[in-house]
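# Structural features, examined
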Amino acid sequence: MKKQFNRMKQLANQTVGRRCDDTHPNLLLLSSAQIERRMELVRVVSHNTHKRMVSCLQGHIGAEAEKRHKKLPLTGLSQAMVEGGNQLGEDSLIGKMMEVCGEAENRLASELMQHELQIEKDVLDPLSQLAELDIPNILRQRKHLAKLVLDYDSARARWLQATKSIISGTNTQALTAKADLLKEEMDEAMNKVELCKDQLAADMYSFFSREGDYARYFVTVTCGLHRMNRVQLFSDSWTEKPAFGTALDEHLKRSGREIALPVEACVMMLLETGMKEEGLLRIAAGASKLKKLKAALDCSTSQLEEFYSDPHAVAGALKSYLRELPEPLMTYQLYDEWIQASRRASLRLQPLWLVCDTFPRGNKANLEVFLAKLAQDSEVNKMTPSNLAIVLGPNLMWAKTEGSLAEMAAATSVHVVAIVEPLIQHADWFFPGDVEFNVSGMFAMPAASSSHGNHPDYDCGTVERKRPGSLVGPESDAPRRDR
């Protein structure tokens, strides 16, 4: 009996103590207290500003355009001036001027009405959504997490008490069955805590990544009311868009980076802990963990430690970033050239290299970091260059044509694999020299290892090792262009 209790106690330490004593959900509550205070302050400020903005409008908020126009003071002034002009008659110069000016005032009233409708749509409605719905929902979710933590603590206490009662009890089988049921309840409670915690963190990260969008509400109303273009220029200089869904060149310019943050962060995390994970880049990640990581990367946070242990979430975020680029990493402009090169690259890689050498500098640098060590552990993770090309190709290039993603992928999948597979398999040939992964210095460097020299299907007889430029001289390579 004592031995059985000790075994269950050890199981408790492994399944509960390690997860909740070291990384207890309350740690999130403590670390997010400052975030919660800031969000509450943003809510109060947004609510007060919204109230003041409404008082500045001359029309009735929420009213239809026609009713709003009739209630404007300018409309009343216009009607009075036109009526006065009619009373004075056409023979009176004052009467004529009052009629003309009354019509002008009516046009001004119409412009003011349209402007206020636009302000209501672009500023007041989203500001109200932020203050009255978005932030309160996040704060309520945090309170819900606190409740789930209490539920978990209660379930754990009941389970521990049940395991202790096995020693002193007489009906061991019944007590063990009860302890097993309580263990299931405890695990379910813990799963709810983890899901809620991930969702809350993702929502908080998302809120801060969109802070520039919220700031533009005030820029919109200020520029609209006072024609202050300088405010817009100033706003554009300091606001930074989220990385996901933003054009690569724009993200690099705004952030002052050489490598996109999601690319560098995900590659560094995978090199550190994930390259030997079986099915890497093929097996889907948990939805809540993936959403949380994407939101964290959008927020440019450096607190990514928890994701090092989930390589599938990291790989999923990397694929999502590539897939959500407005233009594929391998560009629309070079799409036809890639396709033509793939048809001529059955014996030699020069056609692909020629296209690769015309790459825009930013795209080439990011592709190089992404592909350099992708296949180094293919024998362990079961992801050969061919397998990697199949799962990654549609995220790296697609045609600029109408149609669903599935239709485009089906139409070009064969060509895409024929292009991406040799780029992965012979990455050290296409991108020679040392590759700098930790460009920003934000991450720990992994141990150096050979990139692709151990591929059994690397056939030197079918790969021309000299650069295409060397065709002008048989013995020496022509200098490469600056990348």
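Owing to the predicted nature of the structure, the values given are computational and were not obtained by experimental measurement.

### Side note on the overall build of the chain
- When helices and strands are tallied, the chain shows 20 helices and 0 strands.
- Counting only residues that meet the buried cut, the chain has 44% of its 483 residues in that class.
- Contacts in the chain between residues at least 24 apart in sequence constitute 77% of all its contacts with a sequence separation of at least 6.
- Surface accessibility of the chain: about 25,900 Å² in total, with carbon and sulfur atoms responsible for 53%.

### Details of the packing of helix 13 (residues 311-324) against helix 18 (residues 385-396)
- The contact between helix 13 and helix 18 brings their axes to 7 Å, and the two run at 35°. When helix 13 is examined against helix 18, the residues Lys319, Leu322 and Arg323 are found in contact with a partner set consisting of Val391, Leu392, Asn395 and Leu396.
- When the residues that make up the contact of helix 13 with helix 18 are grouped by side-chain class, the tally is 4 nonpolar, 1 polar and 2 charged.

### Looking at the nonpolar core
- Tyr321, Met330, Trp338, Leu396 and Phe430 are the most contacted members of the largest nonpolar core, which totals 73 residues.
- If one sorts the elements of this core by residue count, helix 11 (residues 261-274) sits on top with 9 residues.
- Among all residues touching Tyr321, those that are not within four sequence positions of it are Ala243, Phe244, Leu248, His251, Ala260, Pro262 and Val263.
- Core analysis: the second largest hydrophobic core is formed by 33 residues, Met53, Val123, Tyr152 and Leu200 among them.

### Some remarks on the UniProt feature "coiled-coil region" (unreviewed entry) in the chain
- Sequence positions flagged by UniProt for "coiled-coil region" (unreviewed entry) are, in local numbering, residues 172-199.
- This span, residues 172-199, is 100% helix and 0% strand, and a straight line between its end C-alpha atoms measures 40 Å.

### A look at the packing of aromatic side chains
- For the structure shown, the criterion picks out 4 aromatic pairs.
- Aromatic side chains Phe244 and Tyr321 sit 5.7 Å apart centroid to centroid with 90° between the ring planes, which places their arrangement in the edge-to-face category. Placement of the pair is Phe244 in the loop between helix 9 (229-238) and helix 10 (248-255) and Tyr321 in helix 13, with a sequence separation of 77 residues.
- Classification of Tyr321 by relative accessible area gives buried; the value is 1%.
- With 5.1 Å between their ring centres and 85° between their planes, Trp429 and Phe430 make a pair best called edge-to-face. When sorted by exposure, Trp429 lands in the same class as Phe430, which is buried.

### What about the environment of Met397?
- Assignment of secondary structure puts Met397 in the loop between helix 18 and helix 19 (405-425).
- By relative accessible area, Met397 is classed as buried at 1%.
- A sequence separation of 59 residues divides Met397 from Trp338, and the C-alpha atoms of the two residues are 9.5 Å apart.
- Beyond its immediate stretch of four places on either side in the chain, Met397 contacts Pro328, Met330, Tyr335, Trp338, Ile339, Val416 and Ile419.

### Focus on unusual backbone geometry
- Even without being glycine, Leu281 reaches a positive phi, approximately 75°.
- Mapped onto the elements of the fold, Leu281 is located in the loop between helix 11 and helix 12 (287-298).
- Residue classification places Leu281 among the buried positions, given a relative accessible area of 2%.

### Some words on helix 13
- The first and last C-alpha atoms of helix 13 sit 20 Å apart over 14 residues, in line with the 20 Å expected at 1.5 Å per residue.
- The buried fraction of helix 13 is high, at 12 of 14 residues.
- Next to the buried residues of helix 13 lie helix 10, helix 11, helix 12, helix 16 (361-371) and helix 18.

### Quick notes on the environment of Ala372
- Relative to the elements of secondary structure, Ala372 occurs in the loop between helix 16 and helix 17 (378-381).
- On a C-alpha basis, the gap between Ala372 and Val267 in space is 9.9 Å, while along the polypeptide they are 105 residues apart.

### Thoughts on helix 18
- Over its 12 residues, helix 18 extends only 14 Å from the first C-alpha to the last, a length that falls short of the 16 Å expected when each residue adds 1.5 Å.
- Taken as a whole, helix 18 has its buried residues at Pro385, Leu388, Ala389, Leu392, Gly393, Asn395 and Leu396. All buried residues of helix 18 fall inside an arc of 155° around its axis, so they share one side.

### Some remarks on the pattern of salt bridges
- Overall, the coordinates contain 19 salt bridges when judged by the stated rule.
- Salt-bridge contacts for Asp151 lead to Lys147; the nearest nitrogen and oxygen are separated by 3.2 Å. Residue Asp151 and its partner Lys147 are both found in helix 6 (residues 93-168); the two are separated by 4 residues, about one turn of the helix.
- For Asp151, a relative accessible area of 34% puts it in the partly exposed group.

### Focus: the packing of helix 12 against helix 13
- Between helix 12 and helix 13, the shortest axis-to-axis distance is 9 Å and the interhelical angle comes to 60°. In terms of their interaxial angle, helix 12 and helix 13 are classed as oblique. The element helix 12 and its partner helix 13 pack so that their crossing is right-handed. Listed contacts from helix 13 to Lys289, Leu290, Leu293, Lys294 and Leu297 of helix 12 are Ala313, Val314, Gly316, Ala317, Ser320 and Glu324.
- Per-class residue counts for the contact of helix 12 with helix 13 are 6 nonpolar, 2 polar and 3 charged.

### Examining the confidence of the model for the chain
- The share of residues in the chain with pLDDT of 70 or more is 77%, and the mean pLDDT across the chain is 78.
- Here residues 1-31 is modelled with pLDDT under 50, and outside its nearest four sequence neighbours on either side it reaches 47 contacts, counting other chains as well.
- Throughout residues 227-238 the model reports pLDDT below 50, and contacts reaching past four residues in sequence, or to other chains, amount to 13 contacts.

### Digging into the environment of Phe244
- Exposure remark for Phe244: the relative accessible area of 10% places this residue in the buried category.
- As a C-alpha pair, Phe244 and Arg323 span 79 residues in sequence and 9.2 Å in three-dimensional space.
- Once you skip the residues sitting within four places of it in the chain, Phe244 turns out to touch Pro262, Lys294, Leu297, Asp298, Ala317, Ser320, Tyr321 and Glu324.

Calculation rules
Residues numbered from 1 in each chain as written. Predicted model: local features only at pLDDT ≥ 70, side-chain atom pairs only at ≥ 80, totals over all residues. Heavy atoms only, no water. Helix = DSSP H or I, 4+ residues; strand = E, 2+ residues; numbered from the N terminus. Buried < 20%, exposed > 50% of the residue type's maximum accessible area, 1.4 Å probe, protein only. Contact = heavy atoms within 4.5 Å. Areas by Shrake-Rupley, 256 points an atom, 1.4 Å probe, with all protein chains shown as cover. Axes fitted to C-alpha atoms, helices over the stretch in contact; angles between N-to-C directions. Nonpolar A, V, L, I, M, F, W, Y, C, P; charged D, E, K, R; others polar. Core = buried A, V, L, I, M, F, W, Y, C linked by side-chain atoms within 4.5 Å. UniProt positions renumbered as here; feature names shortened; annotations may be inferred. Phe/Tyr/Trp six-rings, centres within 6.5 Å; stacked < 30°, edge-to-face > 60°. Expected span 1.5 Å × (residues − 1). Arc of directions from axis to C-beta. Salt bridge = Lys/Arg side-chain N within 4 Å of Asp/Glu carboxyl O. Parallel < 35°, antiparallel > 145°, perpendicular 65-115°, else oblique. Left-handed = near helix turned anticlockwise from the far one by under 90°. pLDDT = per-residue confidence, 0-100.

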